[in-house]
Amino acid sequence: LLYTIKFELKLMESSQDGHMRWDEYAAQWLHQRLGYILLIIYLLLLCIAIPLTTNELVQRHAEKHIVVWFVAGIFVYMTIPITTSGVVQHLKNFSDPPQQRRLIRILMMVPVYSFFSYLGMVLKSQTIYLTAIRECYESYVIYNFMMFLVTFMYEQYNVEQLLTYKPAQPQLFPFHKLPPWPKGKSFVIWTKRGVFVYVVSKPITTIMTLIAELTGNSGTNEFRIGMLLVF
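What you are looking at is a predicted structure, and each value in this text was computed from that prediction instead of being measured. (Residues numbered from 1 in each chain as written. Predicted model: local features only at pLDDT ≥ 70, side-chain atom pairs only at ≥ 80, totals over all residues. Heavy atoms only, no water.)

Asks: Just checking my understanding: could you explain the overall build of the protein for this structure?
Replies: Helix and strand content of the protein: eight helices and zero strands. When the helices and strands of the protein are placed in sequence order, the string is α-α-α-α-α-α-α-α. Of all 231 residues assigned to the protein, the portion counted as buried reaches 21%. In the protein, once contacts between residues fewer than 6 apart in sequence are set aside, the share between residues at least 24 apart is 54%. When the accessible surface of the protein is summed, it comes to about 16700 Å², and 69% of that surface belongs to carbon and sulfur atoms. (Helix = DSSP H or I, 4+ residues; strand = E, 2+ residues; numbered from the N terminus. Buried < 20%, exposed > 50% of the residue type's maximum accessible area, 1.4 Å probe, protein only. Contact = heavy atoms within 4.5 Å. Areas by Shrake-Rupley, 256 points an atom, 1.4 Å probe, with all protein chains shown as cover.)

Pasting the structure below:
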């Protein structure tokens, strides 16, 4: 608290002396206090949500599905401050925008995945749509993760030359009789291709599953000719 007061007084004195305009003062104050503001908002929402949910449990005599919603909701809430902390630190130290944008998208995977999974559990009739959104974002995150790794490795190292001098890695069982993985540039290219195949095919299979579900031809829980089951 004393540090905060000292910092505010210093900013005010600097502003009064004409060394800092009011907009610069406001921007710097927000920059320094963004994490605290988000934390306060989160705690206020939590203080409202927990009593309301607890009252709902009492009113409904703690039915099983309500208890499950409550427990799952607590874990969903826990993902918010953890992710927010990481995102805010990147925004406050935005020294490498292209790479940090990818990192923020990766960090957002945790709350997005948990939030849509929670909604899918509560709104069972809308689960198919929520799952489609969640899985498409998952493939988008994998693409960003690959681009982050490739960009970082090319900026810091000559990754293709580095891999050229690495010993060849054998295939895993049961494919250990096949030729070993390619080295150097071929390894990087084939790794990119493998990731891109997943990134492209995942939304396609998700849309196919969604169409099959809407038309009544989804075979999620059964294996029959004429029913579609997409993995």
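Moving on from the model shown.
Asks: Can you walk me through helix H4 (residues 97-107) in this structure?
Replies: Think of an α-helix as 3.6 residues a turn; residues three or four steps apart then line up on the same face. Buried residues of H4: Gln 99, Gln 100, Arg 102 and Ile 104, and no others. On its buried side, H4 packs onto helix H3 (64-92) and helix H6 (127-156).

Asks: Got a minute to help me understand the nonpolar core in this structure?
Replies: Most often, soluble globular proteins keep nonpolar side chains buried together rather than apart. Within the largest apolar cluster, six residues are counted, these being Met 109, Val 112, Phe 116, Leu 130, Tyr 137 and Val 141. Contributing elements (two or more residues each) for this core: helix H5 (109-122) and H6. (Core = buried A, V, L, I, M, F, W, Y, C linked by side-chain atoms within 4.5 Å.)

Asks: Explain the packing of aromatic side chains here, please?
Replies: The description of two aromatic rings rests on the distance between their centres and on the angle between their planes. Scanning the model with the defined rule gives five aromatic pairs in all. With a centroid separation of 5.9 Å and 40° between ring planes, the pair formed by Tyr 143 and Phe 196 is classed as tilted. With a gap of 53 residues between them, Tyr 143 in helix H6 and Phe 196 in helix H8 (residues 185-214) connect regions that are remote in the sequence. Exposure remark for Phe 196: the relative accessible area of 34% places this residue in the partly exposed category. Centroid distance Trp 181 to Phe 187: 6.4 Å. Interplanar angle 85°. Geometry classified as edge-to-face. (Phe/Tyr/Trp six-rings, centres within 6.5 Å; stacked < 30°, edge-to-face > 60°.)

Any functional reading would require information that these geometric values do not contain.
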